Amino acid sequence: MGTALVTGATSGLGEEFCWQLAAAHHDLVIVARTQDKLDALAARLREIAGISVEVIAADLGEPAELARVAARASVRRGHGGLAPIGLLVNNAGFGPGQSFLTGDFDRELYGLDVMVRAVMALSHEATLAMVARGRGAILNVSSVAADTGMGTYSAHKAWVRAFTEGLAVELAGTGVTATVVSPGLTRTHFHEAAHLDVSSTPDWVWSSPEQVVSAALEAVRRGQVLVTPTPLYKVASMATRLAPRWVVRSVTQRLPHVV
Ligand SMILES: NC(=O)c1ccc[n+]([C@@H]2O[C@H](COP(=O)([O-])OP(=O)(O)OC[C@H]3O[C@@H](n4cnc5c(N)ncnc54)[C@H](OP(=O)(O)O)[C@@H]3O)[C@@H](O)[C@H]2O)c1
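Residues numbered from 1 in each chain as written. Predicted model: local features only at pLDDT ≥ 70, side-chain atom pairs only at ≥ 80, totals over all residues. Heavy atoms only, no water.

Asks: Sorry if this is basic, but what is going on with the packing of helix α1 (residues 12-23) against helix α2 (residues 35-49) here?
Replies: Between two packed helices, what matters for the description is the angle formed by their axes and the separation of those axes. One can describe the packing of α1 onto α2 by two numbers: an axis separation of 11 Å at closest approach and a directional angle of 20 degrees. In this view, α1 runs roughly parallel relative to α2, as classed from their interaxial angle. Between α1 and α2 the crossing geometry is right-handed. Facing α1, whose interface residues are Glu15, Cys18, Trp19 and Ala22, α2 presents Leu41, Arg44, Leu45, Ile48 and Ala49. Taken together, the residues of the contact of α1 with α2 break down into seven nonpolar, no polar and two charged. (Axes fitted to C-alpha atoms, helices over the stretch in contact; angles between N-to-C directions. Helix = DSSP H or I, 4+ residues; strand = E, 2+ residues; numbered from the N terminus. Parallel < 35°, antiparallel > 145°, perpendicular 65-115°, else oblique. Left-handed = near helix turned anticlockwise from the far one by under 90°. Contact = heavy atoms within 4.5 Å. Nonpolar A, V, L, I, M, F, W, Y, C, P; charged D, E, K, R; others polar.)

This is how it looks when you write it as structure tokens:
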């Protein structure tokens, strides 16, 4: 897979993607908003894993900053001495942590930009470069919430899944693959960042970042399109797809707010 570009690299799933990819000797381009955290992570990755790490501090919700990351994703062979991207991991995301009706509408639009627009833009640039080289992989992070009615977050994650499936169809025969991972609740900084109280959710519903990331990377290596890590969320995901939609809406209404 060569060099991997990971968005949302400084915390949770993104950081775990970096460590597992580094352990498999992939060089990295790491992206998030916070320069200090990126620099600290890059230093640890270089020192412990001995890989090369480029840092891009960028807010993917800002068009000019997204364009800088897209330009890096579009690099083809030998351009400016930079390695082309062999694996793009569109991982950055956040829970709005608010009601669509009463919350801040700008925050909803920002969520759309980070979790939909940026995923589309980076996938577009990266796949064009990968198809020209005849190899590469896109890995997009969705959520089991895509099958529920948890506001715009569910809508964005449903878009990510449908988009990735469409991309996989279009990429067939090119040597480039597209995979979408749909994690369930995972112990990261996600809920704290959204100011959500998840203290009442039992331990057994939580996945670890290690479980999610190893299942996702294994799916990429196999060229698998859809992956839902852990047996619990495989069953939950199947149940939400088979159940009548009114049952899913009714159960969703009774659940604690987790996005
Ligand atoms: N945790 C879960 O239960 C769960 C379940 C299903 C799906 N997911 C999905 O998994 C992905 C990773 O989330 P996580 O759980 O690992 O959350 P996390 O621990 O909060 O990490 C989020 C990462 O994204 C970066 N980020 C956030 N907004 C950004 C922006 N506008 N531009 C660039 N980078 C940005 C953050 O760094 P900075 O703040 O420095 O930018 C951080 O590195 C998300 O797409 C999320 O929707 C999570």
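Asks: Where do I start with the site of the ligand in this structure?
Replies: Contacts to the ligand come from 30 residues, most closely from Ser11, Arg33, Thr34, Tyr153 and Thr188. Within the side chain of Asp59, a nitrogen or oxygen atom sits 3.0 Å from a nitrogen atom of the ligand. Residue Leu60 places a main-chain N or O atom 3.0 Å away from a nitrogen atom belonging to the ligand. For the ligand, the accessible surface in isolation is 890 Å², of which the surrounding protein chains cover 95%. Elements with a contribution of two residues or more to the shell around the ligand: α1, α4 (105-133), α5 (151-171) and α6 (190-193). The residue inventory of the shell around the ligand, partitioned by class, reads 13 nonpolar, 14 polar and three charged. (Near = heavy atom within 4 Å. Polar contact = N/O pair within 3.5 Å; in protein donor to acceptor, adjacent residues only side chain to side chain. Areas by Shrake-Rupley, 256 points an atom, 1.4 Å probe, with all protein chains shown as cover.)

Asks: Would you explain the sheet that holds strand β4 (residues 85-90) in this entry?
Replies: Neighbouring strands of a sheet are bound in pairs by backbone hydrogen bonds; such pairs are parallel or else antiparallel. Pairing within the open sheet is parallel, and its seven strands lie in the order β3-β2-β1-β4-β5-β6-β7. At either end of the open sheet lies a strand with only one pairing partner, and these are β3 (53-57) and β7 (226-227). For strand β1 (residues 3-7) and strand β2 (residues 28-32), the ladder comprises four bridges, and the chain directions are parallel. Each bridged residue has a counterpart across the sheet, and for Val6 the counterpart in β2 is Ile30. (Pairing = 2+ DSSP bridges.)

Asks: Before we go on, may I ask you to explain α4 in this structure?
Replies: For an α-helix, the turn length of 3.6 residues means that residues three or four places apart are oriented alike. Given a rise of 1.5 Å per residue, 29 residues ought to cover 42 Å, and the 41 Å separating the end C-alpha atoms of α4 matches this to within 8%. Taken as a whole, α4 carries its principal kink of about 35 degrees at Asp113. Its side-chain oxygen 3.0 Å from the backbone nitrogen of Asp106, Asp104 forms the N-cap of α4. Downstream of α4 by one or two residues, Gly134 has phi in the positive range, about 80 degrees. (Expected span 1.5 Å × (residues − 1). Bend = angle between axes of the 7 residues up to and from the residue.)

Asks: I'm lost on the pattern of salt bridges in this one. Help?
Replies: Where charged atoms of side chains with opposite charge meet at close range, the side chains can pair. Under the defined criterion, the tally for this structure stands at six salt bridges. In this structure, Arg161 and Asp147 form a salt bridge, with 2.8 Å as the shortest nitrogen-oxygen distance. Taken together, the residues Arg161 in helix α5 and Asp147 in the loop between β5 (136-141) and α5 connect sequence positions 14 residues apart. What makes Asp147 buried here is its relative accessible area of 7%. Between Arg187 and Asp203 there is a salt bridge, and its shortest N-O distance comes to 3.0 Å. Of this pair, Arg187 sits in the loop between β6 (176-181) and α6 while Asp203 sits in the loop between α6 and α7 (209-222), placing them 16 residues apart in sequence. For Asp203, a relative accessible area of 62% translates into the label exposed. What you see here is one network of salt bridges that share partners, running through Asp147, Arg161 and Arg241. (Salt bridge = Lys/Arg side-chain N within 4 Å of Asp/Glu carboxyl O. Buried < 20%, exposed > 50% of the residue type's maximum accessible area, 1.4 Å probe, protein only.)

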